[in-house]
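# Reading the structure
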There are 2 protein chains.
Amino acid sequence: MRQAIAILDSGVGGLTVAKEVMRQLPQEEIVYFGDTARAPYGPRAAEEVMKFTEQVVDYLLQFRPKMIVIACNTATAIALKRIRLQVDVPVVGVIHPGVRAAIKTTKNGCIGVIGTENTIKSGAYQQALHAISPHIEVVGLACPLLVPLVERRLYHTPEARRVVAESLRPLSGIPMDCLILGCTHYPFLSPFISEVVGPKVALISSADETAREISAILFHRGQLAPPGPPPVHRFFCSGDPAMFQAIALEWLGEQIKVSPVFWQMTRLSSS
Amino acid sequence: MRQAIAILDSGVGGLTVAKEVMRQLPQEEIVYFGDTARAPYGPRAAEEVMKFTEQVVDYLLQFRPKMIVIACNTATAIALKRIRLQVDVPVVGVIHPGVRAAIKTTKNGCIGVIGTENTIKSGAYQQALHAISPHIEVVGLACPLLVPLVERRLYHTPEARRVVAESLRPLSGIPMDCLILGCTHYPFLSPFISEVVGPKVALISSADETAREISAILFHRGQLAPPGPPPVHRFFCSGDPAMFQAIALEWLGEQIKVSPVFWQMTRLSSS
């Protein structure tokens, strides 16, 4: 039986990771859970993010996945270490793949990171970068206005261009040669981000890099899906499935069926 | 005690991988073995490459490395699968990291690969690409004249430019959007290769990508080296250490001490 890759996110942002997994690993089956009823995790207290992430992982374990992917930078920053101790399948977050890509890419050793308040405040990127390469210079910047732009599907508007330019202003003059998009929503804004930082700064997308790292880990565990009929992906969310479905149609370019998880969420919120 | 990463190659080509490991993982210690007395492996019979690779792995196991890196495309194509079954540490080759990077990079699904005769003839790149993504179009080309250019340190000469242009001529008109440099020597020629294939074809260097994958696997096994004093790398070769040292000085940009392995090679060649 084909074992799925379980992907979880606070909402729709993790669909950028799911999309890249579908593209880079077309034989792999995905079970996706978007905790849309409780999104965003970005501004929540760390204990709450920890608890929510554990609950969603619990929910996903019923599908006996071969891997858990925490496709949310905030949840990765806060919960990855603990979740890795709790489950017996590999747990992949979205921070370390971006970190490794940045270390590979940088020539001058100066790396920028943009993310939510929680992600930047956690220092998770800085820690992950320094654990591997202690002399890297890291410049982090919280950009709280960017996620709402994407979730309201305004990412191609002149307003988005203006907000991106203002949000990134503190990075002007920083000699970074690559910039990690430390939030799964940001790839939608990359044309505007690139305009601001210039063509000499390489943009690193967590989504692309995470899909690639999933591939590496499955290969080294001998767990890549064998050839077979096209995989059937399953999507669940805790909030309004119609909204989720509309965004998924726009982002993934295909119609998907989303199952709401009402019972589960009642139980979760009373726990 | 810090455990080293063992890197082996038929000769000096694997130094491009070692250099990237030093750059991307500056805390990791390397034990390198270049089988210079028996290089190149490219034109040898497969059973011979298998036997030599097993012998060198045996030699390196005395250092109790935490990982074996087969930094030679020919040896990876022929011996990776079997070596993985023989040792109880992870074994990383140089083919799959390049494959994953190419799958991440390609937009149009057409990927070129250049390598030695043995590497291309083995079909290892095509198999590895299709195992992950069955509909990728792969165009392989053997370029037997390129390794000698690099080993004779002629890689920045007009002769090199001419030989590269002639070697790559069969790729003209192929709609590939990335090209895997399927030999650890080729990064030295990448300016000329890029001139021929044009700026729209992304060049994928096995060396960069392998170092990055080493990082990912060590991280997921909890085996990244902790901070400490700068690592001390060790280099061994079966041939003339002076030649090896001269190339290493030029490629790594630093003076290294190379220990010849005479006794071992006598034993090996009589076995």
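Residues numbered from 1 in each chain as written. Chains lettered and ligands numbered in written order. Predicted model: local features only at pLDDT ≥ 70, side-chain atom pairs only at ≥ 80, totals over all residues. Heavy atoms only, no water.

Another point: the interface of chain A and chain B. Residue-level contacts link 30 residues of chain A with 30 residues of chain B. Of the roughly 2,800 Å² buried where chain A meets chain B, counting both sides, 50% is carbon and sulfur surface. The largest share of the area that chain A buries against chain B comes from Lys104(A), Arg212(A) and His220(A), three residues that together contribute 25% of it. Between Arg212(A) and Glu209(B) there is a salt bridge, and its shortest N-O distance comes to 2.5 Å. The interface formed by chain A and chain B includes 19 residue pairs in polar contact (both at pLDDT 80 or more). Considering each element in turn, the side of chain A that touches chain B owes the most residues, nine residues, to helix α10 (residues 206-220) of chain A. Counted by class, the side of chain A that touches chain B contains 15 nonpolar, seven polar and eight charged residues. (Contact = heavy atoms within 4.5 Å. Buried area = accessible area lost by both parts, 1.4 Å probe. Salt bridge = Lys/Arg side-chain N within 4 Å of Asp/Glu carboxyl O. Polar contact = N/O pair within 3.5 Å; in protein donor to acceptor, adjacent residues only side chain to side chain. Helix = DSSP H or I, 4+ residues; strand = E, 2+ residues; numbered from the N terminus. Nonpolar A, V, L, I, M, F, W, Y, C, P; charged D, E, K, R; others polar.)

Right, let's talk about the packing of helix α4 (residues 95-105) of chain A against helix α10 (residues 206-220) of chain B for a bit. It is at 10 Å that the axes of α4(A) and α10(B) come closest, and there the two elements cross at 145°. Handedness of the crossing formed by α4(A) with α10(B): right-handed. Only Asp208(B), Glu209(B), Arg212(B), Ser215(B), Ala216(B), Phe219(B) and His220(B) of α10(B) make contact with α4(A), whose side of the interface consists of His96(A), Pro97(A), Arg100(A), Ala101(A) and Lys104(A). Taken together, the residues of the contact of α4(A) with α10(B) sort by class into four nonpolar, three polar and five charged. (Axes fitted to C-alpha atoms, helices over the stretch in contact; angles between N-to-C directions. Left-handed = near helix turned anticlockwise from the far one by under 90°.)

What follows deals with the side chain of His96(A). Tracing the sequence through the fold places His96(A) in helix α4. Owing to a relative accessible area of 16%, His96(A) belongs among the buried residues under this scheme. In contact with His96(A), not counting residues within four places along its chain, are Leu80(A), Ala128(A) and Phe219(B). (Buried < 20%, exposed > 50% of the residue type's maximum accessible area, 1.4 Å probe, protein only.)

Moving on, we get to the pairing of strand β5 (residues 110-115) of chain A. Two faces, one strand: in a regular strand the side chains alternate between the faces of the sheet. All names here are of chain A. Within β5, six of the six residues are buried, which leaves it mostly tucked inside the rest of the structure. Across four bridges, β5 lies against strand β7 (residues 178-181) in parallel orientation. Its bridge partner being in β7, Ile 111 is matched across the sheet by Cys 178. (Pairing = 2+ DSSP bridges.)

Another point: the relation of the copies chain A and chain B. Placing chain A over chain B gives an RMSD of 0.0 Å and needs a rotation angle of 180°, together with 0.0 Å of translation along the axis. Taken together, the rotation and translation relating the two chain copies correspond to the operation of a two-fold axis. By C-alpha distance to the rotation axis, the residue of chain A lying nearest is Ile217(A), at 3.5 Å. Looking at the interface residues of chain A, 100% of them are also at the interface in chain B, so both copies use one shared face. (Least-squares fit on C-alpha atoms with pLDDT ≥ 70 in both.)

Residues and elements named next belong to chain A. For helix α8 (residues 158-168), the full list of buried residues reads Ala 160, Val 163, Val 164, Ser 167 and Leu 168. Seen end-on, α8 carries its buried residues on one side only, within an arc spanning 120°. Buried-residue contacts for α8 involve β5, β6 (137-142), α7 (146-151) and α9 (190-197). (Arc of directions from axis to C-beta.)

Looking now at the sheet that holds β5(A). Residue and element names in this part refer to chain A. Pairing is parallel across the open sheet formed by four strands, whose spatial order is β6-β5-β7-β8. Lying at the two open borders of the sheet, with one neighbouring strand each, are β6 and β8 (202-205). Going from strand to strand, the sheet's axes swing by 25° on average, the running direction of each strand aside. Each of β7 and β8 touches α10; the most contacted strand, β8, lies at about 55° to it.

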